[in-house]
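Each chain, letter by letter, is given below.
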Amino acid sequence: MKNITLLGLSLIFSLFMSSCDGGEKEENQETSALVESTDLEERSFNVDPLLSSVSWEGTMVGVYKHTGKVGLKKGQLVWKGEVIVGGSVTIDMSSMTQLDTLYKTEENKLVQHLESPDFFDVSNHPIATFEIIGSDRTEKTVSGNLTIRGITNSETVNDVVFDEATGAAKGLLSFDRQKYNVAYKGSTKDMLISDVVKLSISLIPGK
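Conventions we followed
Residues numbered from 1 in each chain as written. Predicted model: local features only at pLDDT ≥ 70, side-chain atom pairs only at ≥ 80, totals over all residues. Heavy atoms only, no water. Helix = DSSP H or I, 4+ residues; strand = E, 2+ residues; numbered from the N terminus. Buried < 20%, exposed > 50% of the residue type's maximum accessible area, 1.4 Å probe, protein only. Contact = heavy atoms within 4.5 Å. Areas by Shrake-Rupley, 256 points an atom, 1.4 Å probe, with all protein chains shown as cover. Core = buried A, V, L, I, M, F, W, Y, C linked by side-chain atoms within 4.5 Å. 1 Å grid on protein atoms, 1.4 Å probe; cavity = no way out; pocket = protein on both sides within 12 Å on 5 of 7 lines; lining within 4 Å. Points joined across faces, edges and corners; volume = space filled by probe spheres on them. Pairing = 2+ DSSP bridges. Phe/Tyr/Trp six-rings, centres within 6.5 Å; stacked < 30°, edge-to-face > 60°. Nonpolar A, V, L, I, M, F, W, Y, C, P; charged D, E, K, R; others polar.

### What to know about the overall build of the chain
And then number 1: Regarding its fold elements, the chain presents 2 helices and 9 strands.
And then number 2: Tracing the chain from N to C terminus, the helices and strands come up as α-β-β-β-β-α-β-β-β-β-β.
And then number 3: Classification of the 207 residues of the chain by burial places 33% in the buried group.
And then number 4: Counting contacts in the chain only where the partners sit at least 6 residues apart, residues at least 24 apart contribute 58% of the total.
And then number 5: Here the chain displays about 13000 Å² of accessible surface, and carbon together with sulfur accounts for 55% of that area.

Shown next as structure tokens:
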């Protein structure tokens, strides 16, 4: 009789422990699912045009470079976890400045020429945009559509550094100006200018 009683108690104890273990596993699975769900929630911020920046670089005859900055009008970045999934940047082409001193004049002749129809035709195309369509975290790239002078091409931002905690991001974009009709047409001087224009982009979230 005692053996039967002990056997019954052991069976009840085993069922109780099994039930507890199952509940704990279930709770852990629910917690893991909640954490995963939180990590994949879509987040976004509006770019602060004053704190963010776009620096440009162009090369003449493969020897010397012109550098400068161009301002942002607005922008937004969208991400899930550690992956950038969308967003856009609007560049104010009329805010172009020259930073190097080579051939720099008080009249800003270099900038005036870059703003003219020979190059960016700013009066008719006052903005340029970059629309993000995706990213590759492993390759540290962001892909999107760049529009300059009303012409759109697919481009890739390389060496992307992204802080998922704050949403701040930076990267390098190089594009072929000829694809956007940014060319000194009718002049042999265009051959002295590198077709590659480099942009260094830094996006800081607004408050």
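Text resumes after the structure shown.
### Quick notes on the nonpolar core
And then number 1: Counting residues in hydrophobic clusters, the biggest one holds 39 residues, and the most contacted among them are Phe120, Ile148, Leu173, Phe175 and Leu199.
And then number 2: When residues no more than four places from it in sequence are discounted, the contact partners of Leu173 are Phe130, Leu146, Glu155, Thr156, Val157, Val197, Lys198, Leu199 and Ile201.

### What about the side chain of Thr90?
And then number 1: Take Thr90: it is sitting in strand 4 (residues 83-98).
And then number 2: Of the residues examined, Thr90 reaches a relative accessible area of 10% and is grouped as buried.
And then number 3: Apart from the residues within four sequence positions on either side, Thr90 is in contact with Leu72, Lys73, Lys74, Ile127, Ala128 and Thr129.

### Describing empty space enclosed by the protein
Empty pockets left among the atoms are what a rolling probe the size of a water molecule brings to light.
And then number 1: For the structure shown, the criterion picks out 1 cavity of 30 Å³ or more.
And then number 2: Here the largest cavity is characterised by a volume of approximately 210 Å³.
And then number 3: For the lining of the largest cavity, the elements supplying multiple residues, two or more each, are strand 4, strand 5 (127-136), strand 6 (141-148), strand 7 (151-162), strand 8 (169-176) and strand 9 (193-203).
And then number 4: Looking at which element gives the most residues to the lining of the largest cavity, the answer is strand 8, with 4 residues.

### Examining the pairing of strand 2 (residues 53-60)
And then number 1: Note that strand 2 and strand 9 share 7 bridges and pair antiparallel. Residue pairing across strands places Ser55 opposite Ser200, the latter belonging to strand 9.
And then number 2: As defined by bridge partners, strand 2 adjoins strand 3 (residues 64-80) across 7 bridges and the pair is classed as antiparallel. Bridge pairing in strand 3 places Met60 opposite Tyr64.
And then number 3: Connecting strand 2 to the antiparallel partner strand 3 that follows it, the hairpin turn spans 3 residues, and Val61 within it adopts a positive phi of roughly 55°.

### Looking at the packing of aromatic side chains
And then number 1: Evaluation of the coordinates by the stated rule reveals 4 aromatic pairs.
And then number 2: Measuring from centroid to centroid gives 5.8 Å for Phe119 and Tyr184, while their planes differ by 50°, and the two rings are tilted. Residue Phe119 is found in the loop between helix 2 (109-115) and strand 5, and its partner Tyr184 is found in the loop between strand 8 and strand 9; the two are separated by 65 residues along the sequence.
And then number 3: Judged by relative accessible area, which is 21%, Tyr184 ranks as partly exposed.
And then number 4: Among the aromatic residues, those joined into a cluster by ring pairs are Phe45, Trp79 and Phe162.

### Side note on the layout of surface pockets
And then number 1: Counted as a void, the largest pocket has a volume near 650 Å³.
And then number 2: In terms of lining residues, the largest pocket is bounded by 30 residues, among which His66, Leu110, Leu114, Phe119 and Ile193 are the most central.
And then number 3: Of all the elements in the fold, those that place two or more residues in the lining of the largest pocket are strand 2, strand 3, strand 4, helix 2, strand 6 and strand 9.
And then number 4: It is strand 2 that contributes the most residues to the lining of the largest pocket, 5 residues altogether.
And then number 5: There is about 160 Å³ of room inside the second largest pocket.
And then number 6: In terms of lining residues, the second largest pocket is bounded by 13 residues, among which Glu82, Arg137, Lys140, Val160 and Phe162 are the most central.
And then number 7: If you list the elements that add at least two residues to the lining of the second largest pocket, you get strand 4, strand 5, strand 6 and strand 7.
And then number 8: When residues of the lining of the second largest pocket are assigned to their parent elements, the largest contribution, 3 residues, is made by strand 7.
And then number 9: Partitioned by chemical class, the residues of the lining of the second largest pocket number 6 nonpolar, 2 polar and 5 charged.

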